[in-house]
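Structural overview
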Amino acid sequence: MHRVDSNATGGPEPGGPGEYRYARGRPRAGLRVRSVAGQVFLWLLVVVVLLVGAGLTALILQARSYATQDAAHRTRAAAVTLAQVPTVGDALNSADPTAVLQPLALDVAEKGGFDYVVIAGPDGTRYAQTAQPELIGKHLIGPYQQALKGPITISFTVPIGRAVESSAPVTRPDGSAAGLVQVGYTVAHASSAVSRQLPVLFGGAAAALAVGAGGAVLVRRRLRRQTHGLGPTEMTRMYDHHDAVLHAVREGVLIVGGDGRVSLVNDEARRLLKLPPEVEGQPVAELGLDPGLAELLASGQAVTDEVHPAEDRLLAVNNRPTAPFGGGPGSVATIRDTTELRALAGQAEAARGRLQLLYDAGLRVGTTLDIVRTAQELADVAVPRFADFATVELAEAVLRGDEPLPGTGDAGGPRIRRVAAGGIREDRPFYPVGSQISPLPGTPEALALGSGRVTLVADLHQAHAWRARDPQTVDRVLAYGVHSLISTPLKARGRALGTVSFWRAGQSEPFGPEDVAFAEELIARAVICVDNARRYTRERRMAEALQRSLLPRGLPEQSALEAAYRYLPALHRVGGDWFDVIPLPGFRVALVVGDVVGHGLHASATMGRLRTAVLNFAALDLPPDELLARLDELVARLDQDEARAGEGDGSGQDEDEDERVTGATCLYAIYDPVSGQCTMARAGHPPPSLVRVDGSVEFVDLPAGPPLGVGGLPFEATELRLEPGAVLVLYTDGLVTSRDRDLENGLAALHGSLVNVRAGASSEEICRGVFDALAPPRPSDDIALLVARTQMLAPDQVAIWDVPDDFAAVSRIRNACNDQLTAWGLEELSFTTELILSELITNALRYGSEPVRVRMLRDTSLVCEVSDASSTAPHLRYAATTDEGGRGLFLVAQLAERWGTRYTARGKVIWAEQPLTAPEDQFEAMLL
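These lines cover the structure that appears in this document, whether it is placed above or below. (Residues numbered from 1 in each chain as written. Predicted model: local features only at pLDDT ≥ 70, side-chain atom pairs only at ≥ 80, totals over all residues. Heavy atoms only, no water.)

So, the sheet that holds strand S17 (residues 561-568)
- Spatially, the five strands line up as an open sheet ordered S17-S26-S25-S22-S23, and their pairing is antiparallel. Edge positions in the sheet fall to S17 and strand S23 (697-699), since each of these pairs with one other strand and no more. Direction aside, neighbouring strands of the sheet carry axes that sit 15 degrees apart on average.
- Inspection of the sheet shows strand S22 (residues 689-691) paired to S23 by three bridges, in the antiparallel sense. (Pairing = 2+ DSSP bridges. Helix = DSSP H or I, 4+ residues; strand = E, 2+ residues; numbered from the N terminus. Axes fitted to C-alpha atoms, helices over the stretch in contact; angles between N-to-C directions.)

This is the structure in C-alpha cells:
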C-alpha cells in the first residue's frame, strides 16, 4: 500500500477527513500494539494505578509509623516524668515502697491509657506492677541495668502486635540510681484510630482509581482522535517540547554514552560544571572536572545525592545507567547546587546542637546540692561543645552559704575564688582552682560583675586592662593559643554570686554576638542550681551548728560505766539523733539514745527540746517507763502546738512533711553499780545489744513500745542483772539501716561486728570497730552510737544497816557509821554525817513505814541513803522562830552538797551526797 501524495493528486490535506478515515480503517489490533495513543492509555492507566497504590500504601505506612512513634514518645515522656516525681524517689527509699508506688502506678496507667507501669528498685525487684500485681516483689526480666544509666525505649512483638516499652532511672540527690520506671504500650491501641479510617482511605483510593481510569479512557479516545497514530508532525512537536523542557529545567542533566563521551547536556549543567559551548562528543575525563566527579560520570555507577566539589560549589549528583530502561549503554546524571542548602543546614545543626546543650545542662548541672560540685558540673557541660575552657569563680561568702557582700569582685572589695575549671586539655594556663581573684577595673570580669551583663572579648590580644592585671600570666595564656573570652556574671535575685568565663583557643572560631545570647541563656539556667546549692549550704551549716550546740560536748565523769560514743550527721540534711550519759544519785548512771523523725533545723530544735526534757526528768529520778510516759506526753503536746500554729498562720499546708512531724523514738536505761541491776525501757527504738563477759552477743528482749507522740499504750520496763565487764551497745537506726540494708540485715551485721570483738577490748575500741564496720561513707540519716562497759563498786565501798523501829537505835546506827567512816579514812566527815543520818533516820522512823534501812556508799563522793516503805516525801521549808521542829531538812541541805528523794517499787529513798573532803568554811557559811 502506497501513501497518497496530497499535493499531486489533490487529495485531502494532512489531518483532514480523508486521513482520519485512513487511520480509522486500520486493524484495531495494530492500533493497540503500535499506536502511541494506545501506549499512552496503557501507561497512563498503569501510572494511575501505581500512584493510587503508592499513595494508599504511603498513607497506611505513615499512619502505622506515626502510631509507633507516638507510642514511643508517650511511654518515654511518662517514664521520665514519673521517675522525676519526688514521691517516687522518697517511696523507693522508704521501708514499704509498694504501699505508695502501687496506687501511683495504677493511677498513671489508668489516666495515661498505658498497658502497664512497673516501678522497681536498682536491684530489679518490682515494687509496683499494674498489669500483673502478683509479680510485685519478683525480679525484672531482661537487661534492665542499661535503664539505670539513662532513659531508653525498646520495641518488641507480642501476640496482639507491636509493643513499645520505655524505661527511665529514678535518681537520688547524689546522682545514684534509686530505681527505675517502666511504661509499656501496645501500638495496636494507637493504631486503632487509623484502622477505623482505613475504609475511608480505601474508598477514596477506589474513587481516585475510578476517576483516573475514566480520565485515562477519555485521554486515550481523545489522543486517538487527534494523533491518528502519532505521525511525524506530532513526533517532532513532542521532541521540541522535550528539548525545551530539558534546557529550561533548573537542574543539570548530563547524558554520557557507553564510550564515556558526552551525548547530551542542558544549559543548567553547563553553568554548574562551567563546560565549554561545544561539549557533546567529548570524553568526560577531558572536561576539567573534579577527578572524583569525572570518574563517577564515566563509570555509569548508580548513586543518589553524592556530593562533589566544583570550584566554590557543592554539587549533589544523582547518576543512573540507561540500559535497564530500554536505552543503549550509558548513564544519565542530574546535578543540583546544594551550597546554600548546606549552609542553612549547618546553621540549623548548630542551633539544634545548642538547644541540645541547654537540655543537657538542665540534666547535668545541679545533680547535687554541693555548691562546688554544681560549679564543676557547669564548667564541664560547656566543654567542648561551647568553649574550649571554662572557669567558675564564686564569692567567699557564697561558698559558706551566705549572701554575697556588696562590692564583691570590685577592686579592694571582697574577692572571688576560682572553684571549678574544665577544658579540652589538663595543662590549662589559667589560675588554678582555689586561687583568689580580684578583678581590676576594666577587666572582663569586673565589667560583668559591675554591669550585670555578659562581656564579650573577641580578641584577647586587644584587651589591655586584662593584660595589665597580671602580664606574666596573660602572656602565658596568649602563648597557649587562647584568643577569645566571654565573661558572664552569676546573678541570683539581683546579687552577683560570681562569674563564669568561657575561653576559646587554637583553631576554634572566636566568640560572636550569637554566642553571647547563648551564654546568657545557659547561665540563667545554671545560676538557679548554684543559688539553690548556696541556700542549702547555709541551711545545713546552721542546722549543724544548732545540732552541735545541743549535743553533749563530752561524757561526764562517773565510775559506774566505761563509756565511748560516736556521732555522724547525715550527708545532706542533719537530723535529730542524740545521746546522753547522765549521772544519777547513788552513783547510778542513765544511758539515753533518741531519734527525732525528720531532718533539718526543725528536727535539730526538737531534739534539743527533748534532750533538755530528758535531763530534767532524769533529775527527778524517775524510772525508765515513767520517764518515757512523761516524754510521750511532751511530744504529743509539741505536735499539737505545731498543728495549731500551722492552722493559725495559714502555713500548715505549705510546710514540708518532715518539718511538721515531731514524733521520736527513745531508749532509756538506768544502771546501778552497787547491785549490777539495769532497768531499761524503749519507745519505738531498736533494741540494745548486750555483749556478756563470756563473749556471747544478744539483743535484749525489751518490749518495743509505741514511738513518742503516738500515745495510747503504756511503756514496759525490763530489769536484768549485768556482770562487771558486760558491754551495752545503744544506737540509732541510721547505724543499722540504709538504702541498701534493711533492719534485719543491719542487726545481723551489728551482731557479727560485736562477735568479732577482741576479748578485753575497751569501750573505745569496740565503738571504733562497730562504727567502722557499719557506718556508710555517705549516710542518709544521722548515726549515734553509745558503748558502755559496766563496772561495780567493791563490797568494801558499800555499808548497809537495818534500823529497828526504835528511836534509841539511832545512836547505835550513828556509831556504826562513824566506825565505817574511820575504816574508810573519812574521819573528818564524821560530824556532818552524824547530823545528816540522825535527821534522815529520825524522819523515817517518825513519818515512814518499816522496814527502814541505811546505806553508805563511798566512791568519788560519800552518799548516805535512808529508805523506808512509805511513799510520803519530805519537803524543805523555813521554820518560824516559834516552831519547835522543821529545821532538820534545812540542816541536811546545808551540810550536804546535794540531797533528794527517789521512789522505788517498795517505798522511797532519801539520799544526801558529800564530797570526800569537808570544806574548811562549811560551818561558817551556815552561820552567815
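Moving on, there is more to tell.
A look at the packing of helix H12 (residues 371-382) against helix H17 (residues 513-550)
- Packing of H12 against H17 brings their axes to within 8 Å, and their N-to-C directions diverge by 165 degrees. By the angle class used here, H12 and H17 are roughly antiparallel. With respect to the hand of their crossing, H12 and H17 are arranged in right-handed fashion. Judged by residue contacts, Ile-371, Thr-374, Leu-378 and Ala-382 of H12 engage Leu-522, Ile-523, Ala-526, Cys-529, Val-530, Ala-533, Arg-534 and Thr-537 from H17. (Parallel < 35°, antiparallel > 145°, perpendicular 65-115°, else oblique. Left-handed = near helix turned anticlockwise from the far one by under 90°. Contact = heavy atoms within 4.5 Å.)

A short note on the pairing of strand S21 (residues 677-683)
- Counting buried residues in S21 gives seven out of seven residues, a clear majority hidden from the surface.
- A two-sided burial pattern is seen for S21, the buried positions comprising Gln-677, Thr-679, Ala-681 and Ala-683 on one face and Cys-678, Met-680 and Arg-682 on the other.
- Note that strand S20 (residues 664-671) and S21 share six bridges and pair antiparallel. Residue Ile-670 lies in a different strand from S21, and its bridge partner there is Thr-679.
- Taking the residues between adjacent antiparallel strands as the criterion, S20 and S21 are bridged by five residues, where Gly-676 takes a positive phi near 75 degrees. (Buried < 20%, exposed > 50% of the residue type's maximum accessible area, 1.4 Å probe, protein only.)

A short note on the packing of helix H24 (residues 809-824) against helix H25 (residues 830-847)
- Viewed as axis vectors pointing N to C, H24 and H25 meet at an angle of 145 degrees, and their least axial separation amounts to 10 Å. Of the two elements, H24 crosses H25, and the hand of that crossing is right-handed. Facing H24, whose interface residues are Val-810, Ile-813, Arg-814, Cys-817, Asn-818 and Leu-821, H25 presents Ser-830, Thr-833, Glu-834, Leu-837, Ser-838, Ile-841, Thr-842 and Leu-845.
- Split into classes, the residues belonging to the contact of H24 with H25 amount to seven nonpolar, five polar and two charged. (Nonpolar A, V, L, I, M, F, W, Y, C, P; charged D, E, K, R; others polar.)

Re the sheet that holds strand S11 (residues 389-395)
- What the six strands build is an open sheet, ordered S13-S12-S11-S16-S15-S14; its pairing is antiparallel. One side of each edge strand has no neighbouring strand; the edge strands of this open sheet are strand S13 (436-437) and strand S14 (455-457).
- With two bridges connecting them, strand S12 (residues 416-423) and S13 associate as antiparallel partners. Pairing of Ile-416 across the sheet is with Ile-437, part of S13.
- On the sheet, helix H14 (residues 444-451) packs against S12, S14, strand S15 (482-492) and strand S16 (495-505) and is oriented at approximately 25 degrees with respect to S15.
- The strands touched by H17 within the sheet are S11, S14, S15 and S16, with S15 carrying the most contacts at an inclination of about 45 degrees.

Notes on empty space enclosed by the protein
- Tallied over the entire structure, the rule returns four cavities of 30 Å³ or more.
- Computed from the structure, the largest cavity encloses a volume of approximately 100 Å³.
- What lines the largest cavity is Arg-418, Pro-429, Phe-430, Tyr-431, Glu-445, Trp-466, Arg-469, Asp-470, Thr-473, Val-474, Val-477 and Trp-503.
- Elements represented by at least two residues in the lining of the largest cavity include exactly helix H15 (464-469) and helix H16 (471-480). (1 Å grid on protein atoms, 1.4 Å probe; cavity = no way out; pocket = protein on both sides within 12 Å on 5 of 7 lines; lining within 4 Å. Points joined across faces, edges and corners; volume = space filled by probe spheres on them.)

Focus: unusual backbone geometry
- For the bond running from Val-383 to Pro-384, omega is 5 degrees, close enough to zero to count as cis.
- Mapped onto the elements, Pro-384 comes out in the loop between H12 and S11.
- Residue Pro-851 is reached from Glu-850 by a cis peptide bond, and omega for that bond is 0 degrees.
- Note that Pro-851 resides in the loop between H25 and strand S28 (852-858).
- Residues other than glycine seldom take positive phi values, yet Phe-587 does so here, at roughly 60 degrees.

So, H16
- Among the residues of H16, those classed as buried are Thr-473, Val-474, Val-477 and Leu-478. Projection of H16 onto a plane perpendicular to its axis shows the buried side chains occupying an angular sector of 135 degrees, all on one side. Facing away from the buried side of H16, by more than 90 degrees, are the exposed residues Gln-472 and Ala-479. (Arc of directions from axis to C-beta.)

Side note on the nonpolar core
- Core analysis: the biggest nonpolar cluster contains 37 residues, and Leu-378, Phe-386, Val-392, Leu-394, Ile-486, Leu-490 and Phe-502 have the highest contact counts within it.
- For this core, the element with the highest residue contribution is H17, accounting for nine residues.
- Ignoring anything within four residues of it in the chain, the contact list for Leu-394 reads Ile-371, Ala-375, Leu-399, Ile-416, Arg-417, Val-419, Leu-490, Leu-497, Gly-498 and Val-530. (Core = buried A, V, L, I, M, F, W, Y, C linked by side-chain atoms within 4.5 Å.)

A word on the packing of aromatic side chains
- Scanning the model with the defined rule gives eight aromatic pairs in all.
- Summarising the aromatic geometry, the rings of Phe-386 and Phe-502 are spaced 5.2 Å apart at their centres and angled 80 degrees between planes, so their arrangement reads as edge-to-face. Pair noted here: Phe-386 is in the loop between H12 and S11 and Phe-502 is in strand S16, with a separation of 116 residues, a long-range link. Like Phe-386, the residue Phe-502 is buried in the burial classification.
- Judged by centre distance (5.7 Å) and plane angle (65 degrees), the ring pair of Phe-389 and Tyr-480 falls under edge-to-face. Residue Phe-389 is located in strand S11, and its partner Tyr-480 is located in helix H16; the two are separated by 91 residues in the primary sequence.
- Among the aromatic residues, ring-to-ring pairing joins Phe-386, Phe-502, Phe-511 and Phe-518 into one connected group.
- Directly above the aromatic system of Tyr-185 lies the positively charged group of Arg-74, at a separation of 4.9 Å from the ring centroid.
- When the ring centre of Phe-386 is taken as reference, the NZ or CZ atom of Arg-504 above it lies at 5.6 Å. (Phe/Tyr/Trp six-rings, centres within 6.5 Å; stacked < 30°, edge-to-face > 60°. Lys NZ or Arg CZ within 6 Å of the ring centre and 35° of its normal.)

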